Amino acid sequence: MVVFISCAQSTPVDLTICPLCDRHSSDIASRRLNTNYCDDRLNFQTSCGECYDRSIEYYQDLWDEYNRSRF
Ligand SMILES: [Zn+2]
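Residues numbered from 1 in each chain as written. Predicted model: local features only at pLDDT ≥ 70, side-chain atom pairs only at ≥ 80, totals over all residues.

Caption draft 1: Expanded view of the overall build of the chain. The secondary structure content of the chain amounts to one helix and two strands. Taken from N to C terminus, the helices and strands of the chain fall in the order β-β-α. When burial is assessed residue by residue, the chain has 7% of its 71 residues classed as buried. Here the contacts in the chain between residues at least 6 apart in sequence split such that 32% fall between residues at least 24 apart. (Helix = DSSP H or I, 4+ residues; strand = E, 2+ residues; numbered from the N terminus. Buried ≥ 20, exposed ≤ 12 C-beta atoms within 10 Å, placed from the backbone. Contact = placed C-beta atoms within 7 Å.)

Caption draft 2: A look at the environment of L42. With respect to the element layout, L42 can be found in the loop between β1 (29-32) and β2 (44-47). Counting along the chain gives ten residues from L42 to R32, while the straight-line C-alpha distance between them is 9.0 Å.

Caption draft 3: Examining the environment of S47 more closely. Positionally, S47 belongs in strand β2. For the pair S47 and A29, spaced 18 residues apart in sequence, the C-alpha to C-alpha distance is 5.8 Å. Apart from residues lying up to four places away in sequence, S47 is in contact with C18, P19, L20, I28 and Y52.

Caption draft 4: Quick look at the environment of I28. Within the secondary structure, I28 sits in the segment before β1. Distance from I28 to Q45, taken between C-alpha atoms, is 9.8 Å for residues 17 residues apart in sequence.

Caption draft 5: Focus on helix α1 (residues 49-70). Under the 1.5 Å per step criterion, the end-to-end length of α1 is 31 Å for 22 residues, consistent within 8% with the ideal 32 Å. Among the 22 residues of α1, one are classified as buried, and the element is accordingly described as predominantly exposed. (Expected span 1.5 Å × (residues − 1).)

Structure below.
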């Protein structure tokens, strides 16, 4: 017996909604982060400008912490 499993229809990606904060924004873009992953794709974040700024700040804090513990 063949059972058909109905898959949820994949919704098209709405590039006016930020995937991080779920809010409408006109400046969603893939931007380079201040991270240093070997896999370069991980150094990019698709989000609104606000989330991007927040991420930059977050990673900058981590770098500061990292550098403090190193020296
Ligand atoms: Zn956002």
